[in-house]
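Descriptive analysis of the structure
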Amino acid sequence: AGTKFPGLGSKYGGEGQASPRAVIAVHLLAAAFIFWPFIFKGHILVSSSDNFGEIFPLFFFCKHNFFSILSGKSLCLWNPYTHNGIPFFSNHWNMIYYPLNWPVFFVGDKYVMPALTLRTFAEVFLIGLCAYGFFAAELRSRAWALFCSVTYQLCSLLIFTLSIFPAISLYFAMTIYLYFL
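Since this is a predicted model, take the numbers as computed values, not measurements.

1. Description of helix 1 (residues 20-34)
Over its 15 residues, helix 1 extends 22 Å from the first C-alpha to the last, a length consistent with the 21 Å expected when each residue adds 1.5 Å. Within helix 1, burial applies to Val23, His27, Ala30, Ala31 and Ala32. Residues of helix 1 that are buried in the fold lie against helix 2 (36-40), helix 5 (112-139) and helix 6 (142-153).

2. Examining the packing of aromatic side chains
Applying the stated rule across the entire model yields 14 aromatic pairs. Centroid distance Phe35 to Phe38: 5.5 Å. Interplanar angle 55°. Geometry classified as tilted. Take Phe38: its relative accessible area is 21%, and that puts it in the partly exposed class. Centroid distance Phe67 to Phe106: 5.3 Å. Interplanar angle 85°. Geometry classified as edge-to-face. Placement of Phe67 in helix 3 (residues 49-71) and of Phe106 in the loop between helix 4 (102-105) and helix 5 is noted, with a sequence separation of 39 residues between them. Judged by relative accessible area, which is 31%, Phe67 ranks as partly exposed. In textbook terms, an aromatic cluster arises when at least three aromatic residues are bridged by ring pairs, as seen for Phe59, Phe60, Phe66, Phe67, Phe105 and Phe106.

3. Quick word on the nonpolar core
By size, the foremost hydrophobic cluster in this structure holds 24 residues, and its most contacted members are Tyr132 and Ile168. Sorting the residues of this core by element identifies helix 1, helix 5, helix 6, helix 7 (156-163) and helix 8 (167-180) as the ones contributing at least two each. A per-element tally of this core places helix 5 first, with 9 residues.

4. A closer look at the packing of helix 5 against helix 6
Where helix 5 meets helix 6, the axes come as close as 8 Å, and the angle between the chain directions of the two elements is 140°. Taken as a pair, helix 5 and helix 6 cross one another with a handedness that is right-handed. Contacts between helix 5 and helix 6 involve Val124, Phe125, Ile127, Gly128, Ala131, Tyr132, Phe135, Ala136 and Leu139 on the former and, on the latter, Arg142, Trp144, Ala145, Leu146, Cys148, Ser149, Tyr152 and Gln153. When the residues that make up the contact of helix 5 with helix 6 are grouped by side-chain class, the tally is 13 nonpolar, 3 polar and 1 charged.

5. Digging into the packing of helix 1 against helix 5
The geometry of helix 1 relative to helix 5 is characterised by a closest axis approach of 9 Å and an angle of 145° between their N-to-C directions. Crossing hand, helix 1 versus helix 5: right-handed. Contacts between helix 1 and helix 5 involve Val23, Ile24, His27, Leu28, Ala31, Ala32 and Ile34 from the former and Phe121, Val124, Phe125, Gly128, Leu129 and Tyr132 from the latter.

Conventions used here
Residues numbered from 1 in each chain as written. Predicted model: local features only at pLDDT ≥ 70, side-chain atom pairs only at ≥ 80, totals over all residues. Heavy atoms only, no water. Helix = DSSP H or I, 4+ residues; strand = E, 2+ residues; numbered from the N terminus. Expected span 1.5 Å × (residues − 1). Buried < 20%, exposed > 50% of the residue type's maximum accessible area, 1.4 Å probe, protein only. Contact = heavy atoms within 4.5 Å. Phe/Tyr/Trp six-rings, centres within 6.5 Å; stacked < 30°, edge-to-face > 60°. Core = buried A, V, L, I, M, F, W, Y, C linked by side-chain atoms within 4.5 Å. Axes fitted to C-alpha atoms, helices over the stretch in contact; angles between N-to-C directions. Left-handed = near helix turned anticlockwise from the far one by under 90°. Nonpolar A, V, L, I, M, F, W, Y, C, P; charged D, E, K, R; others polar.

As far as function goes, none of this settles anything; it's purely spatial.
Written out as structure tokens, the structure is:
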């Protein structure tokens, strides 16, 4: 009898030598490898000038709209800062619906950038774990599942999604969907 999480000590794990702790450690180390300047030097992640000049101000706008919605002040249906104004809830610029942004919204404005860096680190780590669960269920070999999940975690799509701020959220969501299919 095993747990219900495919790959981490479950009946779906198959043959191989990867223990649950080893899987977690490998994916945590892979994420730390990418984020070492942010972890050890205290830098913040600003991966492109588009993010710094356009996306981050929009994130602060979403953060303040989040509190307006929670407090009942406004439904925040209009975004006056994109183009000449667009409906706020009908476009991909709305960052309120992504649950991993919610804890960052509660961080003070001064600490939002380090919190976003930490959130992105967590996403990269969880991408690897969810990919491991998917590959362990599909391949029936924990060793190959670990290899494939680290490859997936560090692939060129990660580099692309890190350079476009909201895209890492899409990559993370796609991995979770794969895992739960």
